[in-house]
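Residue strings, one per chain:
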Amino acid sequence: MNKFLFPLLAVVLGFVLAFISKKQKTWNTKLLLSFSGAFLLALTLFELLPEVYSHLDTKQTGLFIMCGILLQIVLELFSKGAEHGHVHIHKNETAFPWLLFISLCIHSFLEGFPIHDHNDMVYGVLVHKIPIAAIITLFLLQSSFSKFKIGAFLVVFAAMTPLGTLISNTANLPEVVAHSINAIVIGIFFHISTTILFESGEGHKFNLSKFIAIIFGVVIAYFI
C-alpha cells in the first residue's frame, strides 16, 4: 500500500509545511529542493535506469529517455517550471490556472508508472513531491482563489501519481510498452532533478549546506 499512500502523504506534508510557514522565506526551500533533486536523480540511476536498459535495446532506450526530456520541456512551457519549484501565480489572480493544473497532473500521472512492488522509486517520488507540493500550496494560499478551488487543485494533484501507479500495475501492459513508458519517465526525472541541482547554485558559487544536502541525497538513495 505504500506505493499508493506515500505520494498522497507527500502532498499532505507539503501542505502542512506551507500552512505552518505561511511565508516562503521562513524555511529553506532551496535546501529541500537540492536534497530532493539529488535523491531523485541518484535513485533513478541506481534503480530505474539499469532495469530499463536490461529489457530494451540500448539505442531505443536512449531515444525514449530523450523523448521524456523533451516532453518535460513542453510541459514546462505551461507549468512555468512548477515541477522543480517555480510557481508564478499573482495574488490578485482569479482565473483558475488550467495550464499549470493540467501540466502538473500529466507529470504526476506519469511519475506513478515506475512505482511497483519491486523497486524503491516510491521514495524518490515522495521526497520529490514534498517541497514541490509545499511551494505550490504556498502560492495557492497567497492567491485569491477560493478554498474550494485550492482544495480541488491539491486533491486531484495528489491523486494523479497513485492513479498512474494503479494503471501500471493493473492494465497488464506488454513488457516492452511498460519499460518504454518507464524510459520516458527517466527522461522526465533527469530533466527535473538536474534542473533543480543546476538552479540550486547561486551564481555558480560553492554553497556548503547545499553540497551536503546533495551528498546526503545520493548516499541515502544508494543505501535504500
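Everything that follows concerns the structure shown earlier in this document.
Attention here is on the structure that accompanies the text. None of the values given here were measured: they were computed from a predicted structure. Here, residues in each chain are numbered from 1, in the same order as that chain's written sequence. Where local features are concerned, this predicted model is filtered to residues with pLDDT of at least 70; where side-chain atom pairs are given and counted, the filter is 80 or more; whole-chain, interface and lining totals use all residues. Hydrogens are left out, water is left out, and the side-chain values use all remaining heavy atoms of the structure.

**Quick word on empty space enclosed by the protein**
Note the following rule: Here a cavity means grid points, on a 1 Å grid over the protein atoms only, where a 1.4 Å probe fits yet cannot get out; a pocket means an open set of points with protein on both sides within 12 Å along at least five of seven lines; lining residues are those with an atom within 4 Å of a point. Grid points are joined across faces, edges and corners, and a volume is the space filled by probe spheres set on the points. In this classification, Asp, Glu, Lys and Arg are treated as charged, Ala, Val, Leu, Ile, Met, Phe, Trp, Tyr, Cys and Pro as nonpolar, and every other residue, Gly included, as polar.
A full pass over the atoms with the stated rule returns 1 cavity of 30 Å³ or more. Around the largest cavity, the lining residues are Glu83, His107, Ser108, Glu111, His128, Lys129, Ile132 and Phe157. Broken down by class, the residue content of the lining of the largest cavity amounts to 2 nonpolar, 3 polar and 3 charged.

**What to know about the side chain of Ser180**
Where we set the bar: Numbered from the N terminus, helices here are DSSP runs of H or I no shorter than four residues, and strands are runs of E no shorter than two. Type-normalised accessible area, obtained with a 1.4 Å probe on protein chains alone, sets the label of each residue: buried when under 20%, exposed when over 50%, and partly exposed for intermediate values. When checking whether two residues touch, look at their non-hydrogen atoms; a contact exists if any pair is within 4.5 Å.
Mapped onto the elements of the fold, Ser180 is located in helix H7 (residues 175-199). Residue Ser180 is classed as buried on the basis of its relative accessible area, which comes to 9%. Beyond its immediate chain neighbours, meaning those up to four positions away, Ser180 contacts Leu56 and Phe64.

**As for unusual backbone geometry**
Although it is not a glycine, Asn172 sits at a positive phi angle of roughly 55 degrees. You can see Asn172 is positioned in the loop between helix H6 (147-170) and H7. You can call Asn172 exposed: its relative accessible area is 70%.

**Some words on the environment of His128**
By secondary structure assignment, the location of His128 is in helix H5 (residues 121-141). Along the sequence, His128 and Leu33 sit 95 residues apart, while their C-alpha atoms lie 7.7 Å from each other. If we skip the residues at most four places from it in the chain, His128 touches Ser36, Leu40, Glu83, His107, Glu111 and Ile192.

**Details of the nonpolar core**
Note on soluble globular proteins: their nonpolar side chains tend to be buried together. Counted only if it meets this: Put simply, buried Ala, Val, Leu, Ile, Met, Phe, Trp, Tyr and Cys residues joined by side-chain atoms within 4.5 Å make one nonpolar core.
Ile136 and Phe153 are the most contacted members of the largest nonpolar core, which totals 53 residues. For this core, the elements supplying multiple residues, two or more each, are helix H1 (2-21), helix H2 (29-53), helix H4 (98-111), H5, H6 and H7. With 12 residues, H5 is the single largest residue contributor to this core. With near-sequence residues (within four places) excluded, Phe153 lies in contact with Phe96, Pro97, Leu100, Phe101, Leu104, Ile136 and Leu140.

**Some points on the packing of H1 against H5**
Definition in use: Between the N-to-C directions of two axes lies an angle of 0 to 180 degrees, each axis being a line fitted to C-alpha atoms and, for a helix, fitted only over the stretch in contact. If you view the pair so one helix is near and one far, a crossing is left-handed when the near helix is turned anticlockwise from the far one by less than a right angle, and right-handed when it is turned clockwise.
The contact between H1 and H5 brings their axes to 7 Å, and the two run at 35 degrees. H1 and H5 meet at a crossing whose hand is right-handed. Grouping the constituent residues of the contact of H1 with H5 by class yields 17 nonpolar, 4 polar and 2 charged.

**Describing the packing of helix H3 (residues 58-79) against H7**
Quick note on the threshold: In these notes the angle categories are as follows: under 35 degrees is roughly parallel, over 145 is roughly antiparallel, 65 to 115 is roughly perpendicular, and the rest is oblique.
For the pair H3 and H7, the least separation of the axes is 7 Å and the interaxial angle reads 55 degrees. Considering their axes alone, H3 and H7 lie oblique with respect to each other. The hand of the H3/H7 crossing is right-handed. Of the residues in H7, those in contact with Thr61, Phe64, Ile65, Gly68, Ile69, Leu71, Gln72, Ile73 and Glu76 of H3 are Ser180, Ala183, Ile184, Ile186, Gly187, Ile188, Phe190, His191 and Ile192. Considered class by class, the residues forming the contact of H3 with H7 number 11 nonpolar, 6 polar and 1 charged.

**Notes on H3**
Residues separated by three or four positions in an α-helix point in the same direction, a consequence of the helix having 3.6 residues per turn. Convention followed: In a helix, the anticipated span is given by 1.5 Å times the number of residues less one. The arc in question is the one traced by the directions running from the helix axis out to the C-beta atoms.
Over its 22 residues, H3 extends 31 Å from the first C-alpha to the last, a length consistent with the 32 Å expected when each residue adds 1.5 Å. Those residues of H3 lying buried are Thr61, Ile65, Gly68, Gln72, Leu75, Glu76 and Ser79. Projection of H3 onto a plane perpendicular to its axis shows the buried side chains occupying an angular sector of 105 degrees, all on one side. Relative to its buried face, H3 has exposed residues pointing more than 90 degrees away, namely Lys59, Leu63 and Leu77. As for H3, its buried residues are in contact with H2, H4 and H7. Looking one or two residues beyond H3, the residue adopting positive phi is Lys80, at roughly 60 degrees.

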